[in-house]
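Observations on the three-dimensional arrangement
Chain by chain, the residues:
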Amino acid sequence: MKSFTPELKRILEKAGCFFVRSGRGDHEIWESPVSGIRFTVDNNIKSRHTANAVLKQAGLPKTCPAHVVGFAPASLNTRCAIAATSLAAIFRIHL
């Protein structure tokens, strides 16, 4: 089973989140300018639910239902579009 971590880190970096320091074991501490909090990112995330939880802690949308069903209203912000596109690639959803 592949790890969701590399794609998750790309999503976080595109949204402006940044690496702060190494944590215990294979964990890293990141900070989000959106939510203003620090959160932990495991370097071997195997569950999409865990990946979505990290996005939620970062203040980013886990998914954009409008993108999943193929409808993209003009009111969607850039972060939502970036997250939706990246998550679609992770979960192999065709937009």
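Everything quoted here is computed from the prediction, not taken from an experiment.

Cut-off values and rules
- Per chain, residue numbering runs from 1 following the sequence as it is written.
- Totals for whole chains, interfaces and linings use every residue, but because this is a predicted model, local features are given only for residues with pLDDT of at least 70 and side-chain atom pairs only at 80 or more, for both listing and counting.
- Note that the side-chain values use all heavy atoms of the structure and ignore hydrogens as well as water.
- We call a residue buried when its accessible area falls under 20% of the maximum for its residue type, exposed when it is over 50%, and partly exposed in between, using a 1.4 Å probe and counting protein chains only.
- Secondary structure elements are taken from DSSP: a helix is a run of H or I of four residues or more, a strand is a run of E of two residues or more, and numbering for both begins at the N terminus.
- As used here, the arc belongs to the directions running from the helix axis to the C-beta atoms.
- In protein, a polar contact requires one atom able to donate a hydrogen and another able to accept it; more generally it is a pair of N or O atoms within 3.5 Å, and residues adjacent in sequence count only if both atoms are side-chain atoms.
- Confidence of the predictor at the level of single residues is captured by pLDDT, which takes values from 0 to 100.
- Residue contacts are counted whenever heavy atoms from the two residues lie within 4.5 Å of one another.
- Note on aromatic pairs: the rings of Phe, Tyr and Trp (six-membered ring only in Trp) are paired at centre separations within 6.5 Å, and the planes decide the class, stacked below 30 degrees, edge-to-face beyond 60, tilted for the rest.

The next thing to look at is helix H2 (residues 48-57). Within H2, burial applies to Ala51, Asn52, Val54 and Leu55. Seen end-on, H2 carries its buried residues on one side only, within an arc spanning 155°. Looking at H2, the residues exposed on the side facing more than 90 degrees away from the buried face are His49 and Lys56. The backbone nitrogen of His49 has a side-chain oxygen 3.1 Å away, supplied by the residue at the start of H2, namely Ser47. Positive phi appears at Gly59, one or two residues downstream of H2, with a value of about 85°.

Turning next to the confidence of the model for the protein. Chain-level pLDDT for the protein is 77 on average; 65% of the residues reach the 70-or-more range. At the level of individual helices and strands, the protein shows its lowest average pLDDT in helix H3 (residues 65-68), which scores 36, and its highest in strand E2 (residues 27-31), which scores 96. Scored below 50 in pLDDT, residues 64-76 shows 13 contacts in the model against residues more than four places distant or in partner chains.

A few words on the packing of aromatic side chains. All told, the structure shown has one aromatic pair when counted by the stated rule. When the ring of Phe19 is compared with that of Trp30, the centres are 6.4 Å apart and the planes differ by 85°; the resulting orientation is edge-to-face. Of the two residues, Phe19 sits in strand E1 (residues 18-22) while Trp30 sits in strand E2, which places them eleven residues apart along the sequence. In this structure Phe19 comes out as partly exposed when scored by relative accessible area, which is 39%. Relative accessible area serves as the criterion here: at 3%, Trp30 is assigned to the buried category.

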